[in-house]
Structure formats: C-alpha cells, structure tokens
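Structural features, examined
Single-letter residue listing:
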Amino acid sequence: MFRRRSATPSAEQAPASSADTATGKGYTPPKDRPTPRRKEAEKNLRRPLNAPKTRKEAYQQYRERQRRQAQLERQGYARGDERYFRPQDRGPQRAFVRDLVDSRRSVSEFFLYLSLGIIVLLFLPFPQVQLAVTYIVWPLMMVTIVFEGFQVGIRARRSAAQHFPDEPVRGVAMYAAMRQLQIRRLRMPKPRLKAGDPVAPGT
C-alpha cells in the first residue's frame with residue numbers, strides 16, 4: 001500500500017558539492033592577510049606616496065621644490081614669457097619702453113666696461129694719467145650718462161603717453177634710464193630689437 005522511500009536521494013535532491021559551494025553566489029575567496037581596520041585604510045589613502053618621514057626630509061623636499069620653481073621662473077624670464085616677469089616688467093607699455101631703449105645705441109650701456117677701465121688706469125704709475133682720469137675722463141663719463149638718462153627718460157615718457165593714453169606713465173622714465181645702464185646682452189627681459197630696428201607699439 002505505501003511505497004517505501006529510497007534512502008539514496010535523487011540527483012535533484014543531492015546536496016551541492018564542495019566545488020559548487022566554493023564558486024557559488026556571494027562567495028568571497030580567503031585572504032592571505034587580515035582585513036585592515038577602517039582608520040588604517042583611510043590613513044593610507046590620505047598619505048602621499050613620497051611623504052617625508054622626518055622633519056629633515058620635509059625640509060629637503062621643500063628646498064628642492066623651491067629650487068625647481070626658481071629655475072622654472074628664470075628660464076621663463078629669460079625666454080620672454082610674461083607669466084614669469086616681475087610686476088614692473090609686465091604689460092604692453094613696459095614692453096614698448098624696452099623696445100624703445102633697445103633700438104638705439106648709447107654710451108650708458110658701456111658704463112660697466114668704462115668703469116673697469118677707469119679703475120685700471122688709476123692704478124697705473126703715471127701721475128698725469130691718474131689726474132686726467134680723475135678730473136677729465138670720470139666727470140665727462142658721468143655727465144654723459146646723466147644726460148642720456150634724462151634724454152631717454154623724457155622720450156620714453158612722451159612716447160608711452162602718446163601710444164598708451166589710458167595707462168599711467170608714472171615710473172616709465174626711470175625704468176627706461178635704468179635699462180639703458182645695463183649691458184645689452186645682460187638685459188632682462190632680453191631685447192627683442194637690435195640697434196636701428198623700428199619700434200612698433202603693441203608688438
């Protein structure tokens with residue numbers, strides 16, 4: 001009357017094998033190290049890869065960053081990149097004044113060479129040469145440089161006011177006179193024009 005159930009389960013009722021259990025849904029493979037705590041994980045994420053371990057290393061990294069930044073600024077300043085200019089060198093008005101000075105020759109740009117030559121002459125064992133240098137050559141050079149400074153300053157002030165009427169001209173005359181005193185190859189920013197080239201505002 002009653003059918004006896006088999007002791008062996010059928011294929012549908014058989015329990016899943018160990019391999020099936022290992023690869024089933026929601027399975028997480030075992031790890032070779034314990035899971036880090038939340039605070040430790042967040043600390044590692046925030047910590048830079050090259051973070052200094054000591055105060056000395058932090059200072060060395062700071063000095064290295066400062067050195068690279070200074071080198072970058074010098075290179076940009078030398079090649080004429082206005083992003084690295086000093087505040088007094090920026091703007092089309094100052095660029096025009098620099099071109100105005102660089103487009104002409106002057107005695108003032110040889111001031112350093114002339115000063116060194118005068119010093120050498122003063123050490124010569126000839127009283128007549130020393131007197132001539134002291135009372136003739138040196139005063140004549142100083143008068144020439146002062147005269148050229150006033151001349152280029154007035155010219156730069158007038159030209160800047162003419163070509164840039166909406167900008168103030170304060171400091172333009174002194175800026176032009178000081179640039180004229182510098183040796184041409186050592187002028188910074190570097191000259192864009194050679195002696196005799198025409199000056200065009202806004203270039």
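Residues numbered from 1 in each chain as written. Predicted model: local features only at pLDDT ≥ 70, side-chain atom pairs only at ≥ 80, totals over all residues. Heavy atoms only, no water.

The next point concerns the overall build of the chain. Within the chain, the regular secondary structure consists of 7 helices and 0 strands. When its helices and strands are written in sequence order, the chain yields α-α-α-α-α-α-α. Taking all 203 residues of the chain together, 22% fall into the buried category. For the chain, the proportion of contacts with a sequence separation of at least 24, taken over those separated by at least 6, is 65%. By element, 59% of the accessible surface of the chain is carried by carbon and sulfur atoms, the whole surface being about 16500 Å². (Helix = DSSP H or I, 4+ residues; strand = E, 2+ residues; numbered from the N terminus. Buried < 20%, exposed > 50% of the residue type's maximum accessible area, 1.4 Å probe, protein only. Contact = heavy atoms within 4.5 Å. Areas by Shrake-Rupley, 256 points an atom, 1.4 Å probe, with all protein chains shown as cover.)

Moving on to the packing of aromatic side chains. Scanning all chains against the criterion turns up 1 aromatic pair. Directly above the ring of Tyr 175 sits Arg 94, whose terminal nitrogen or CZ lies 4.8 Å from the centroid. (Phe/Tyr/Trp six-rings, centres within 6.5 Å; stacked < 30°, edge-to-face > 60°. Lys NZ or Arg CZ within 6 Å of the ring centre and 35° of its normal.)

It is worth spelling out the pattern of salt bridges at this point. Tallying each qualifying case throughout the model produces 8 salt bridges. The partner of Asp 89 in a salt bridge is Arg 86, with the nearest N and O atoms 2.8 Å apart. Among the ionic pairs, Glu 109 bridges to Arg 105, the shortest N-O distance being 3.1 Å. For Glu 109, a relative accessible area of 2% corresponds to the buried category. In this structure Arg 105 comes out as exposed when scored by relative accessible area, which is 52%. (Salt bridge = Lys/Arg side-chain N within 4 Å of Asp/Glu carboxyl O.)

Before going further, it helps to examine the environment of Ala 160. Examined against the element boundaries, Ala 160 turns out to sit in helix α6 (residues 127-163). The contacts of Ala 160, once residues within four sequence positions are left out, are Gln 93, Phe 96, Pro 165, Val 169 and Val 172.

Attention now goes to the side chain of Arg 98. Its location among the elements puts Arg 98 in helix α4 (residues 92-102). As a buried residue without a salt bridge, Arg 98 has its nearest oppositely charged side chain in Asp 89, at a separation of 4.3 Å. Of note is the side chain of Arg 98, whose polar atom sits 3.0 Å from the side chain of Tyr 175. If we ignore the near neighbours within four places in the chain, the residues touching Arg 98 are Phe 85, Asp 89, Tyr 175, Arg 179 and Pro 189. (Lys, Arg positive; Asp, Glu negative; His and termini not counted. Polar contact = N/O pair within 3.5 Å; in protein donor to acceptor, adjacent residues only side chain to side chain.)

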